[in-house]
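# Structural overview
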Amino acid sequence: MTPKELVLDFYKNDLILKKSEVNEFIHPDLIIEWNSSKGFVQMNRDDVLNLSEELNKAYVRSKMRITHIIEEGNMVSVRYSHFVKTIENPREEMLLAHFCVIWEVKDNKLFRGYQMSQFS
């Protein structure tokens, strides 16, 4: 699987809500450096798995709409919008945020992520 294919598979609908599936995609030494409208946070593997669990509690559906994806060697840049459906209102799709991420792939896993986001 190419790095681009790996990233595309990771952003499949609802995958982020399934901790066990997220676990299959991320490297044991994963680090994400995330700049958001709320500030900077650095996340490791456990943080990402915990985030997946929390998202699963709040949302019944998750969809990533990718607008751009570029692969160069083991690096993949992806720009997408994240839409969700809440437990309280499962019929209405809501834009959660816009994202731009540069992924470094190592051992066919997501290894380093450099992410920026803006809430809708």
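Attention in this report is confined to the structure presented alongside it. Model, not experiment: these values are computed from the prediction. (Residues numbered from 1 in each chain as written. Predicted model: local features only at pLDDT ≥ 70, side-chain atom pairs only at ≥ 80, totals over all residues. Heavy atoms only, no water.)

### Some points on helix H3 (residues 45–58)
Three or four residues apart is the spacing at which side chains of an α-helix point the same way, because the helix has 3.6 residues per turn. Short version of the rule: In this description a helix means any DSSP run of H or I spanning at least four residues, a strand means any run of E spanning at least two, and both kinds are numbered starting from the N terminus. The span one expects for a helix is its residue count, reduced by one, times 1.5 Å. For each residue, the accessible area found with a 1.4 Å probe, counting protein chains only, is set against the maximum for its type, and the residue is called buried under 20%, exposed over 50%, and partly exposed in between. The arc in question is the one traced by the directions running from the helix axis out to the C-beta atoms.
Over its 14 residues, H3 runs 20 Å from end to end, which matches the ideal 20 Å to within 8%, given 1.5 Å per residue. Along H3, the residues classified as buried are Arg45, Val48, Leu49, Ser52 and Leu55. The buried residues of H3 all sit within an arc of 120° when viewed along its axis, so they share a single face. Among the exposed residues of H3, those oriented more than 90 degrees off its buried face are Asp46 and Lys57.

### Some thoughts on the pairing of strand S3 (residues 59–72)
Test applied: Strand pairing requires that DSSP identify at least two bridges connecting the strands.
Where S3 meets strand S4 (residues 75–86), 12 bridges bridge the pair, whose relative direction is antiparallel. Counterpart to Lys63 in the pairing with S4 is Phe83. Counting the residues in the hairpin turn of S3 and S4 gives two residues, including Gly73, whose phi is positive at 60°.

### Details of the nonpolar core
What counts is decided by this rule: What is meant by a nonpolar core is a set of buried Ala, Val, Leu, Ile, Met, Phe, Trp, Tyr and Cys residues, joined one to another through side-chain atoms within 4.5 Å. The contact criterion used is simple: two residues touch if any of their non-hydrogen atoms lie within 4.5 Å.
Ranked by size, the top nonpolar core spans 30 residues in total, and within it Phe10, Tyr11, Val22, Trp103 and Leu110 carry the most contacts. Elements supplying a minimum of two residues to this core: helix H1 (3–10), helix H2 (19–25), strand S1 (26–36), H3, S3, S4 and strand S5 (93–106). Among all residues touching Leu110, those that are not within four sequence positions of it are Leu6, Val7, Phe10, Phe25, Ile26, His27, Leu30, Trp103, Glu104 and Val105.

### A word on the sheet that holds S1
Quick reminder of the rule: Only the contacting stretch of a helix is used when fitting its axis, a line to C-alpha atoms as for every element, and angles between N-to-C directions run 0 to 180 degrees.
Read from one edge of the open sheet, six strands run S2-S1-S6-S5-S4-S3, paired in mixed fashion. Strand pairing shows two members of the sheet lacking a second neighbour, strand S2 (39–44) and S3, which therefore form its edges. Strand-to-strand twist across the sheet, computed as the mean angle between neighbouring axes with direction ignored, equals 20°. The sheet contact formed by S5 and strand S6 (residues 109–119) spans 10 bridges and is antiparallel. Within S6, the residue paired with Ile102 across the bridge is Tyr114. Its contacts with the sheet place H3 against S1, S2, S3 and S4, and it is angled at close to 70° to S1.

### Looking at the pairing of S5
Pairing of S4 with S5, which is carried by 11 bridges, proceeds in the antiparallel orientation. Note that in S5 the partner of His82 across the bridge is Ala97. With antiparallel pairing between neighbouring strands as the criterion, S4 and S5 make up a hairpin whose turn holds six residues. Between S5 and S6, which pair antiparallel and follow one another directly, the connecting turn spans two residues, one of which, Asp107, has a positive phi of 55°.

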